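Each chain is listed here by its residues.
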Amino acid sequence: IDGLSVDGLAKANTPHLDKLTADGVFLSRSRGVMPTKSAPNWSSILTGVYPSQHGIHSNQWWWFRFKRTQGYPTIFTALKKSRPQSEAVALYEWKQFGRLFKSAELKSSWWVKDRAKLTKELSNALSSGMPSLTVVHMLSADTAGHEHAWMSDEYIEGVEYADGQVGAIVELLKAKDALKDTL
């Protein structure tokens, strides 16, 4: 959930995330990498290394001719290398998220422009079976924070919208008897 903050979680009504927190693990003191922008942080999540290593330092890295350092594979690359028969899927609401990995290493990846369709698109993607790895990127909190200010009423609504998306994903995984094997 892009742009999600601990303060936003504390203020928003997030029953689905609260349940996952109660039943799992929650790190309230985690922090983003510097610079705290989406592309460097998501690239760090996907590669496991810092921007100084993966080479993405801004949300517009292609404008400044930054190049992702190929020496650091993404989680998709590592999965494909260790388990060639595995399948990965990525759905993302921020179009530039798709630039952070090689789509050829996934069974499918696509930008879901309309956030209201994200969970339906995920359901369609999972209809032919559960991939080994599925990454779902949600943008409502981040967009609201940028457009209206962090911790604004609109930001809290964005956090709550993402919580609803998480709830729908949990129900989808339960229906496929896959929740127990999901991180």
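The shown structure was predicted, so the numbers you read here are calculated from the model rather than taken from an experiment.

Basis of the calculations
Residues numbered from 1 in each chain as written. Predicted model: local features only at pLDDT ≥ 70, side-chain atom pairs only at ≥ 80, totals over all residues. Heavy atoms only, no water. Helix = DSSP H or I, 4+ residues; strand = E, 2+ residues; numbered from the N terminus. Rg over C-alpha atoms; globule rule 2.2 N^0.38 Å. Contact = heavy atoms within 4.5 Å. Lys, Arg positive; Asp, Glu negative; His and termini not counted. Charge placed at Lys NZ, Arg CZ, Asp CG, Glu CD. Buried < 20%, exposed > 50% of the residue type's maximum accessible area, 1.4 Å probe, protein only. Arc of directions from axis to C-beta. Phe/Tyr/Trp six-rings, centres within 6.5 Å; stacked < 30°, edge-to-face > 60°.

Hey, could you go over the overall build of the protein chain for me, with residue numbers and the actual values?
Along the protein chain, the regular secondary structure elements total eight helices and three strands. In the protein chain, the succession of helices and strands from N to C terminus is α-α-α-α-α-β-β-α-β-α-α. Taking 2.2 N^0.38 as the reference for a compact globule, 183 residues should give roughly 16 Å; the C-alpha atoms of the protein chain span a radius of gyration of 16 Å, in line with that estimate. On the principal axes, the C-alpha backbone points of the protein chain span a range of 40 × 40 × 30 Å. The contacts of the protein chain with a sequence gap of at least 6 include a subset with a gap of at least 24, amounting to 55%. Across the protein chain, the mean location of the 22 positive side-chain charges is 11 Å away from that of the 19 negative side-chain charges.

Break down helix 6 (residues 118-126) for me, citing the residues and quoting the values.
For an α-helix, 3.6 residues make a turn, and residues three or four places apart therefore share a direction. Residues of helix 6 that are buried: Leu118, Leu122, Ala125 and Leu126. Seen from one end, helix 6 has its buried residues packed into an arc of 90°, which puts them on one side. On its buried face, helix 6 sits against strand 1 (88-92), strand 2 (108-111), strand 3 (133-137) and helix 8 (153-175).

Which residues make up the packing of aromatic side chains, and what values do they have?
Under the definition given, this model contains six aromatic pairs. Ring plane angle 40° and centroid distance 5.6 Å describe the contact between Tyr92 and Phe97, whose orientation is recorded as tilted. Residues Tyr92 and Phe97 agree in their burial class; the two are buried. Ring geometry for Tyr92 and Phe101: centres 6.1 Å apart, planes at 80°, overall edge-to-face. Phe101 matches Tyr92 in its accessibility class, with the two residues each being buried. Cluster of aromatic residues (ring-pair linked, three or more members): Trp42, Phe76, Tyr92, Phe97 and Phe101.

Explain unusual backbone geometry to me, using residue names and the numbers behind them.
Most of the time, phi is negative for any residue but glycine, and the peptide bond is trans. Across the junction of Met34 and Pro35, the peptide omega takes the value 0°, indicating a cis bond. Checked against the element boundaries, Pro35 lands in the loop between helix 2 (15-23) and helix 3 (38-47). With a phi angle near 105°, Ala149 is a residue other than glycine that sits in the positive phi range. Judged by its relative accessible area of 39%, Ala149 falls in the partly exposed class. Located in the positive-phi region is Met151, a residue other than glycine, with phi close to 75°. When you line up the elements, Met151 lands in the loop between helix 7 (140-148) and helix 8. Relative accessible area serves as the criterion here: at 28%, Met151 is assigned to the partly exposed category.

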